Amino acid sequence: MKKINNLFIIDHPLVKRDVSILRDKRTPNHLFRTVMSRIAGMMAFEVTKNFSVDTFDLNTPLEKTTGYKLHDEIVIVPILRAGLGMVEGFLNVLPEARVGHVGLYRDEETLEPVDYYSKFPSTLSKSLVLLIDPMLATGGSAKAALSFMKSKGANNIRMVSLVASPAGVQIVAKNHPDVPIYCAVVDRGLNSKGYILPGLGDAGDRVFGTES
Ligand code: PRP
Ligand code: URA
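A brief report on the enclosed structure follows. Predicted, not measured: the structure shown is a model, and the values here were computed from it.

**A look at the site of ligand 2**
Move 1: In the neighbourhood of ligand 2, the contacting residues comprise Arg106, Met135, Ala137, Gly194, Tyr195, Ile196, Gly201, Asp202 and Ala203.
Move 2: Note that a nitrogen atom of ligand 2 is positioned 2.8 Å from one of the backbone N or O atoms of Gly201.
Move 3: In isolation ligand 2 has 240 Å² of accessible area, and contact with the protein removes 88% of it.
Move 4: In this structure, ligand 2 is accommodated by the largest pocket.
Move 5: In the shell around ligand 2, the residues fall into five nonpolar, two polar and two charged.

Here it is, written out as C-alpha coordinates:
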(Lines give C-alpha, C1' and ligand atoms only; values in the text may rest on other atoms or scores of the structure.)
(Ligands and ions follow the chains in the order given, each with its own letter.)
Protein backbone atom coordinates (compact mmCIF):
# COMPACT_ATOMS: atom_id res chain seq x y z
CA MET A 1 0.00 0.00 0.00
CA LYS A 2 1.32 3.47 -0.97
CA LYS A 3 0.68 6.50 1.25
CA ILE A 4 0.70 10.06 -0.12
CA ASN A 5 -0.36 12.50 2.61
CA ASN A 6 -3.93 11.47 3.47
CA LEU A 7 -4.30 9.19 0.44
CA PHE A 8 -3.69 5.43 0.65
CA ILE A 9 -3.45 3.53 -2.64
CA ILE A 10 -4.10 -0.19 -2.27
CA ASP A 11 -2.07 -1.41 -5.24
CA HIS A 12 -2.06 -5.10 -4.33
CA PRO A 13 -1.62 -7.38 -7.39
CA LEU A 14 -5.00 -9.07 -6.82
CA VAL A 15 -6.72 -5.69 -6.56
CA LYS A 16 -5.01 -4.52 -9.78
CA ARG A 17 -6.16 -7.66 -11.58
CA ASP A 18 -9.73 -7.16 -10.38
CA VAL A 19 -9.83 -3.46 -11.30
CA SER A 20 -8.88 -4.53 -14.85
CA ILE A 21 -11.90 -6.86 -14.96
CA LEU A 22 -14.14 -3.97 -13.87
CA ARG A 23 -12.60 -1.63 -16.45
CA ASP A 24 -13.22 -4.07 -19.33
CA LYS A 25 -16.38 -3.01 -21.17
CA ARG A 26 -17.09 -6.67 -22.05
CA THR A 27 -17.51 -7.63 -18.37
CA PRO A 28 -21.18 -8.59 -17.83
CA ASN A 29 -23.18 -7.18 -14.92
CA HIS A 30 -23.11 -10.38 -12.85
CA LEU A 31 -19.31 -10.62 -13.04
CA PHE A 32 -18.97 -6.87 -12.40
CA ARG A 33 -20.96 -7.29 -9.16
CA THR A 34 -18.98 -10.34 -8.05
CA VAL A 35 -15.62 -8.71 -8.70
CA MET A 36 -16.58 -5.40 -7.07
CA SER A 37 -17.57 -7.28 -3.96
CA ARG A 38 -14.29 -9.27 -4.02
CA ILE A 39 -12.17 -6.11 -4.34
CA ALA A 40 -14.14 -4.50 -1.51
CA GLY A 41 -13.24 -7.44 0.73
CA MET A 42 -9.55 -7.14 -0.13
CA MET A 43 -9.60 -3.38 0.43
CA ALA A 44 -11.32 -3.91 3.77
CA PHE A 45 -8.24 -5.82 4.90
CA GLU A 46 -5.99 -2.81 4.26
CA VAL A 47 -8.44 -0.19 5.51
CA THR A 48 -8.78 -2.02 8.83
CA LYS A 49 -5.06 -2.67 9.21
CA ASN A 50 -4.54 -0.21 12.09
CA PHE A 51 -7.87 -0.76 13.87
CA SER A 52 -7.44 -1.02 17.64
CA VAL A 53 -8.24 -4.29 19.39
CA ASP A 54 -9.15 -5.07 23.00
CA THR A 55 -8.06 -8.28 24.67
CA PHE A 56 -10.16 -10.69 26.71
CA ASP A 57 -9.65 -14.06 28.36
CA LEU A 58 -11.06 -17.07 26.59
CA ASN A 59 -10.90 -20.82 26.96
CA THR A 60 -9.98 -23.02 24.04
CA PRO A 61 -10.98 -26.69 24.43
CA LEU A 62 -7.47 -27.16 25.90
CA GLU A 63 -6.53 -24.11 27.97
CA LYS A 64 -6.93 -20.43 28.72
CA THR A 65 -5.64 -17.88 26.19
CA THR A 66 -6.03 -14.26 25.08
CA GLY A 67 -8.80 -13.34 22.66
CA TYR A 68 -9.07 -10.14 20.63
CA LYS A 69 -12.05 -8.05 19.58
CA LEU A 70 -12.31 -4.77 17.68
CA HIS A 71 -12.18 -1.78 20.01
CA ASP A 72 -14.47 0.46 17.95
CA GLU A 73 -17.99 -0.04 16.79
CA ILE A 74 -18.02 0.10 13.00
CA VAL A 75 -20.58 1.70 10.69
CA ILE A 76 -20.36 1.14 6.95
CA VAL A 77 -22.10 3.80 4.85
CA PRO A 78 -22.49 3.16 1.12
CA ILE A 79 -23.42 6.08 -1.13
CA LEU A 80 -26.42 4.83 -3.12
CA ARG A 81 -26.54 3.28 -5.54
CA ALA A 82 -23.10 2.17 -6.60
CA GLY A 83 -21.73 1.92 -3.05
CA LEU A 84 -24.14 -0.95 -2.43
CA GLY A 85 -21.89 -3.05 -4.68
CA MET A 86 -19.15 -2.89 -2.04
CA VAL A 87 -21.23 -3.54 1.10
CA GLU A 88 -21.20 -7.33 1.05
CA GLY A 89 -17.43 -7.45 0.59
CA PHE A 90 -16.98 -5.28 3.67
CA LEU A 91 -19.56 -7.16 5.74
CA ASN A 92 -17.86 -10.47 4.95
CA VAL A 93 -14.86 -9.35 6.99
CA LEU A 94 -16.69 -6.95 9.33
CA PRO A 95 -19.88 -8.88 10.16
CA GLU A 96 -20.28 -6.92 13.40
CA ALA A 97 -20.64 -3.61 11.52
CA ARG A 98 -23.87 -1.67 11.26
CA VAL A 99 -24.87 -0.19 7.90
CA GLY A 100 -26.09 3.36 7.23
CA HIS A 101 -27.15 4.71 3.83
CA VAL A 102 -26.75 8.00 1.98
CA GLY A 103 -28.74 8.40 -1.24
CA LEU A 104 -27.16 10.83 -3.69
CA TYR A 105 -27.19 11.13 -7.46
CA ARG A 106 -25.33 13.56 -9.65
CA ASP A 107 -27.46 15.95 -11.66
CA GLU A 108 -26.40 15.16 -15.22
CA GLU A 109 -26.28 18.83 -16.25
CA THR A 110 -24.70 20.53 -13.23
CA LEU A 111 -22.84 17.45 -11.88
CA GLU A 112 -23.96 18.65 -8.42
CA PRO A 113 -25.06 15.93 -5.96
CA VAL A 114 -28.78 15.71 -5.19
CA ASP A 115 -29.73 13.92 -1.96
CA TYR A 116 -32.84 11.73 -1.76
CA TYR A 117 -32.42 9.42 1.24
CA SER A 118 -30.42 8.82 4.40
CA LYS A 119 -30.60 6.56 7.42
CA PHE A 120 -27.89 6.05 10.05
CA PRO A 121 -27.61 3.87 13.14
CA SER A 122 -27.91 5.75 16.45
CA THR A 123 -24.30 4.76 17.21
CA LEU A 124 -22.90 6.94 14.39
CA SER A 125 -21.17 9.52 16.60
CA LYS A 126 -19.27 6.96 18.67
CA SER A 127 -18.39 4.67 15.76
CA LEU A 128 -15.57 4.37 13.27
CA VAL A 129 -17.36 5.11 9.99
CA LEU A 130 -16.36 3.78 6.57
CA LEU A 131 -17.92 5.76 3.71
CA ILE A 132 -17.87 3.58 0.61
CA ASP A 133 -18.43 4.51 -3.03
CA PRO A 134 -16.58 2.93 -5.96
CA MET A 135 -16.16 6.24 -7.83
CA LEU A 136 -14.57 9.47 -6.56
CA ALA A 137 -14.93 11.62 -9.69
CA THR A 138 -15.48 15.40 -9.24
CA GLY A 139 -15.62 14.70 -5.50
CA GLY A 140 -18.99 16.48 -5.17
CA SER A 141 -20.87 13.41 -3.88
CA ALA A 142 -18.16 12.45 -1.37
CA LYS A 143 -17.81 16.04 -0.13
CA ALA A 144 -21.59 16.32 0.40
CA ALA A 145 -21.91 12.86 2.01
CA LEU A 146 -19.06 13.61 4.43
CA SER A 147 -20.52 16.99 5.44
CA PHE A 148 -23.93 15.39 5.91
CA MET A 149 -22.58 12.54 8.06
CA LYS A 150 -20.59 15.02 10.15
CA SER A 151 -23.77 17.08 10.68
CA LYS A 152 -25.33 13.87 12.06
CA GLY A 153 -22.44 13.42 14.51
CA ALA A 154 -19.89 11.25 12.66
CA ASN A 155 -16.39 12.31 13.71
CA ASN A 156 -14.11 9.38 12.85
CA ILE A 157 -14.52 8.66 9.14
CA ARG A 158 -12.49 6.90 6.44
CA MET A 159 -13.45 7.15 2.78
CA VAL A 160 -13.06 4.09 0.55
CA SER A 161 -13.31 4.25 -3.27
CA LEU A 162 -12.12 1.94 -6.01
CA VAL A 163 -11.25 4.46 -8.70
CA ALA A 164 -10.45 8.09 -7.87
CA SER A 165 -9.61 11.11 -10.01
CA PRO A 166 -6.91 13.59 -8.97
CA ALA A 167 -9.58 16.33 -8.75
CA GLY A 168 -11.83 14.20 -6.52
CA VAL A 169 -8.98 13.39 -4.15
CA GLN A 170 -8.11 17.10 -3.97
CA ILE A 171 -11.68 18.19 -3.20
CA VAL A 172 -12.05 15.68 -0.36
CA ALA A 173 -8.59 16.44 1.03
CA LYS A 174 -9.27 20.20 0.97
CA ASN A 175 -12.77 20.08 2.48
CA HIS A 176 -12.31 17.12 4.82
CA PRO A 177 -8.61 16.98 5.77
CA ASP A 178 -9.49 14.75 8.74
CA VAL A 179 -10.74 11.97 6.46
CA PRO A 180 -8.18 9.51 5.06
CA ILE A 181 -8.98 8.33 1.53
CA TYR A 182 -8.34 4.72 0.51
CA CYS A 183 -8.56 3.76 -3.16
CA ALA A 184 -7.30 1.10 -5.55
CA VAL A 185 -6.14 3.50 -8.23
CA VAL A 186 -5.99 7.21 -9.09
CA ASP A 187 -6.83 7.63 -12.78
CA ARG A 188 -5.61 10.34 -15.15
CA GLY A 189 -8.62 12.69 -15.13
CA LEU A 190 -12.25 13.43 -15.97
CA ASN A 191 -14.10 13.95 -19.24
CA SER A 192 -16.49 16.87 -19.88
CA LYS A 193 -19.37 14.88 -18.34
CA GLY A 194 -17.45 14.22 -15.13
CA TYR A 195 -16.63 10.58 -15.93
CA ILE A 196 -13.30 9.23 -14.77
CA LEU A 197 -10.80 8.41 -17.55
CA PRO A 198 -9.96 5.65 -18.23
CA GLY A 199 -12.29 4.69 -15.36
CA LEU A 200 -14.82 1.91 -15.63
CA GLY A 201 -17.91 3.76 -16.87
CA ASP A 202 -21.04 4.32 -14.80
CA ALA A 203 -20.52 2.10 -11.78
CA GLY A 204 -24.16 2.15 -10.57
CA ASP A 205 -25.45 1.23 -14.01
CA ARG A 206 -22.93 -1.59 -14.35
CA VAL A 207 -23.71 -2.99 -10.89
CA PHE A 208 -27.46 -2.94 -11.46
CA GLY A 209 -27.70 -3.47 -15.24
CA THR A 210 -29.38 -0.12 -15.93
CA GLU A 211 -27.10 1.00 -18.78
CA SER A 212 -29.06 2.66 -21.63
C1 PRP B 1 -21.73 7.95 -9.03
C2 PRP B 1 -20.81 7.33 -8.00
C3 PRP B 1 -20.60 8.44 -7.03
C4 PRP B 1 -20.64 9.66 -7.90
C5 PRP B 1 -19.24 10.15 -8.09
O6 PRP B 1 -23.03 7.96 -8.60
O7 PRP B 1 -21.33 6.17 -7.44
O8 PRP B 1 -21.58 8.51 -6.01
O9 PRP B 1 -21.19 9.26 -9.15
O10 PRP B 1 -19.23 11.30 -8.82
P11 PRP B 1 -18.73 12.70 -8.24
O12 PRP B 1 -17.47 12.42 -7.50
O13 PRP B 1 -18.53 13.53 -9.47
O14 PRP B 1 -19.81 13.25 -7.35
P15 PRP B 1 -24.23 8.45 -9.56
O16 PRP B 1 -24.51 9.89 -9.35
O17 PRP B 1 -23.94 8.01 -10.97
O18 PRP B 1 -25.47 7.68 -8.97
P19 PRP B 1 -25.77 6.11 -8.98
O20 PRP B 1 -24.76 5.44 -8.10
O21 PRP B 1 -27.15 6.04 -8.44
O22 PRP B 1 -25.69 5.62 -10.41
N1 URA C 1 -19.73 8.09 -11.56
C2 URA C 1 -19.48 6.91 -12.16
O3 URA C 1 -20.21 5.94 -11.96
N4 URA C 1 -18.44 6.83 -13.00
C5 URA C 1 -17.64 7.87 -13.25
O6 URA C 1 -16.69 7.72 -14.03
C7 URA C 1 -17.91 9.08 -12.61
C8 URA C 1 -18.95 9.16 -11.76
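**Details of the pairing of strand β9 (residues 127–132)**
Move 1: With respect to burial, β9 is a largely interior element, six of its six residues being buried.
Move 2: Burial along β9 is two-sided: the face carrying Ser127, Val129 and Leu131 and the face carrying Leu128, Leu130 and Ile132 are both buried.
Move 3: Both strand β5 (residues 73–80) and β9 contribute to a ladder of six bridges, which runs parallel. By the bridge assignment, Ile76 is partnered in β9 with Leu130.
Move 4: Both β9 and strand β11 (residues 157–160) contribute to a ladder of four bridges, which runs parallel. Along β11, the bridge assignment pairs Leu130 with Arg158.

**A closer look at a nonpolar patch on the surface**
Move 1: On the surface, Tyr105, Tyr116 and Tyr117 cluster together into a nonpolar patch covering about 340 Å² of accessible area.
Move 2: Locating Tyr116 in the fold gives a position in strand β8 (residues 113–119).

**As for helix α1 (residues 13–23)**
Move 1: All buried positions along α1 are accounted for by Val15, Asp18, Val19 and Leu22. For α1, the angular spread of buried residues about the axis comes to 105°, placing them on one side. Projecting away from the buried face of α1 at angles above 90 degrees are the exposed residues Pro13 and Lys16.
Move 2: Taken together, the buried residues of α1 touch α2 (29–47), β14 (185–186) and α6 (203–208).

Conventions we followed
- Residues numbered from 1 in each chain as written.
- Chains lettered and ligands numbered in written order.
- Predicted model: local features only at pLDDT ≥ 70, side-chain atom pairs only at ≥ 80, totals over all residues.
- Heavy atoms only, no water.
- Near = heavy atom within 4 Å.
- Polar contact = N/O pair within 3.5 Å; in protein donor to acceptor, adjacent residues only side chain to side chain.
- Areas by Shrake-Rupley, 256 points an atom, 1.4 Å probe, with all protein chains shown as cover.
- 1 Å grid on protein atoms, 1.4 Å probe; cavity = no way out; pocket = protein on both sides within 12 Å on 5 of 7 lines; lining within 4 Å.
- Sits in = over half its atoms within 2 Å of the grid points.
- Nonpolar A, V, L, I, M, F, W, Y, C, P; charged D, E, K, R; others polar.
- Buried < 20%, exposed > 50% of the residue type's maximum accessible area, 1.4 Å probe, protein only.
- Helix = DSSP H or I, 4+ residues; strand = E, 2+ residues; numbered from the N terminus.
- Pairing = 2+ DSSP bridges.
- Patch = residues over 30% accessible without salt bridge, like charges linked within 9 Å, V, L, I, M, F, W, Y side chains within 5 Å.
- Salt bridge = Lys/Arg side-chain N within 4 Å of Asp/Glu carboxyl O.
- Arc of directions from axis to C-beta.
- Contact = heavy atoms within 4.5 Å.

Geometric descriptors of this kind do not, in isolation, establish any biological role.
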